[in-house]
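Below are the chains, spelled out letter by letter.
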Amino acid sequence: GDNFLNMVAGIETEVGIPELSKLLKDIEDKHGRDRNQPKFSGRFLDIDILTYNSLAGKYGNINLPRAEITENAFVLWPLTQIDGKGKHPVLRQTYNELWSEYDKEKQTLIATMIPIFTHTNSALVGLAKSMLEDAGVGAVLKNEFSSVGFPPYNLQQELWLLDDKDLEAAQEIL
């Protein structure tokens with residue numbers, strides 16, 4: 001099919017699997033998901049529960065952990081970025097270990113983003129971004145509020161590389 005943007009997000013919730021699944025389907029539907037389309041057809045938004053704590057098995061119509069974790073680079077790679085030391089509930093290997101064993105020739109990732117630099121000083125992060133851009137290394141900024149301390153909360157700025165192939169060059173520059 002067409003190229004697509006994929007991401008993995010981690011959340012903490014007290015909502016059970018059935019309620020969470022319904023909430024996610026409602027979000028998909030609100031963004032135009034047509035459930036009458038054939039499986040794997042193009043869609044604007046597709047939200048899956050990959051893992052839920054360390055549960056393994058079938059929960060309603062959801063299999064946990066999702067098989068796509070070990071089958072698709074576009075699922076496993078971003079998972080390593082948010083929880084690389086986390087363990088797959090069945091295989092008991094970390095996601096970093098699974099990625100190191102993954103056959104990267106099997107699927108091509110058009111772009112992979114990895115965090116390279118985080119700081120609360122926006123000028124410092126901006127300088128790092130400029131230095132990378134001057135060297136031809138693509139990077140984007142992501143803002144994140146830290147809940148550490150008292151309000152006003154710290155604004156953390158993260159600098160992400162657009163392509164993991166630039167990691168070595170970025171580390172030399174920074």
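Chemist: Explain the overall build of the protein to me, please; I cannot follow it from the model alone.
Modeler: In terms of helices and strands, the protein carries six helices and five strands. Of the regular secondary structure in the protein, the N- to C-terminal order runs α-β-β-α-α-α-β-α-β-β-α. Of all 174 residues assigned to the protein, the portion counted as buried reaches 26%. Long-range pairs, those at least 24 residues apart, make up 51% of the contacts in the protein between residues at least 6 apart in sequence.

Chemist: Looking at this model, I keep getting lost on a nonpolar patch on the surface. Mind explaining?
Modeler: Taken together, Leu-124, Leu-127 and Met-131 make up a surface patch of nonpolar side chains, about 240 Å² in accessible area. Following the sequence through the fold, Leu-127 ends up in helix α5 (residues 122-134). Its relative accessible area of 48% is what places Leu-127 among the partly exposed residues.

Chemist: Can you help me understand the nonpolar core in this one?
Modeler: Formed by Val-8, Leu-50, Ile-69, Ala-73, Val-75, Leu-76, Trp-77, Leu-79, Tyr-95, Leu-98, Trp-99 and Tyr-102, the largest nonpolar core amounts to twelve residues. Elements with a minimum of two residues in this core: α3 (73-83) and α4 (95-101). The element contributing the most residues to this core is α3, with five residues. Judged by nonpolar contacts, the second largest core, of seven residues, contains Ile-17, Leu-20, Ile-49 and Leu-64.

Chemist: Help me out: how do you make sense of the packing of aromatic side chains in this one?
Modeler: Centre-to-centre distance and the angle between the planes together describe a pair of aromatic rings. One pass over the full model with this rule turns up two aromatic pairs. On the numbers, 5.2 Å between centres and 50 degrees between planes, the contact of Trp-77 with Trp-99 is tilted. In this pair, Trp-77 sits in helix α3 while Trp-99 sits in helix α4, placing the two residues 22 residues apart along the sequence. Grouping residues by exposure puts Trp-77 and Trp-99 together as buried. Ring centres of Trp-99 and Tyr-102 lie 5.6 Å apart, and the angle between their planes is 10 degrees; on these two criteria the pair is classed as stacked. Exposure remark for Trp-99: the relative accessible area of 13% places this residue in the buried category. A connected cluster of aromatic rings, assembled from ring pairs, spans Trp-77, Trp-99 and Tyr-102. The positively charged end of Lys-104 is found above the aromatic ring belonging to Trp-99, 4.7 Å away from the centroid.

Chemist: What is the right way to look at the pattern of salt bridges in this model?
Modeler: It is possible for side chains bearing opposite charge to pair when their charged atoms get close. Scanning all chains against the criterion turns up five salt bridges. Here Asp-29 makes a salt bridge to Arg-35, at a shortest N to O gap of 3.0 Å. The class of Asp-29 is partly exposed, set by a relative accessible area of 36%. A salt bridge links Asp-48 to Arg-66; its shortest N-O distance comes to 3.5 Å. With Asp-48 in the loop between α1 (17-30) and β1 (57-59) and Arg-66 in the loop between β2 (62-64) and α2 (68-71), this residue pair connects regions lying 18 residues apart in the sequence. Taken together, the shared-partner salt bridges in this structure form one network comprising Glu-28, Asp-29 and Arg-35.

Chemist: Please explain the environment of Ile-62 as it appears in this structure.
Modeler: Within the secondary structure layout, Ile-62 lies in strand β2. On the basis of relative accessibility, which here comes to 11%, the residue Ile-62 falls in the buried class. Distance in space between the C-alpha atoms of Ile-62 and Ile-49 is 8.0 Å, their sequence separation being 13 residues. For Ile-62, the contacting residues outside a window of four places in its chain are Ile-17, Ser-21, Ile-49 and Gly-57.

Reading guide: rules and limits
- Residues numbered from 1 in each chain as written.
- Predicted model: local features only at pLDDT ≥ 70, side-chain atom pairs only at ≥ 80, totals over all residues.
- Heavy atoms only, no water.
- Helix = DSSP H or I, 4+ residues; strand = E, 2+ residues; numbered from the N terminus.
- Buried < 20%, exposed > 50% of the residue type's maximum accessible area, 1.4 Å probe, protein only.
- Contact = heavy atoms within 4.5 Å.
- Patch = residues over 30% accessible without salt bridge, like charges linked within 9 Å, V, L, I, M, F, W, Y side chains within 5 Å.
- Areas by Shrake-Rupley, 256 points an atom, 1.4 Å probe, with all protein chains shown as cover.
- Salt bridge = Lys/Arg side-chain N within 4 Å of Asp/Glu carboxyl O.
- Core = buried A, V, L, I, M, F, W, Y, C linked by side-chain atoms within 4.5 Å.
- Phe/Tyr/Trp six-rings, centres within 6.5 Å; stacked < 30°, edge-to-face > 60°.
- Lys NZ or Arg CZ within 6 Å of the ring centre and 35° of its normal.

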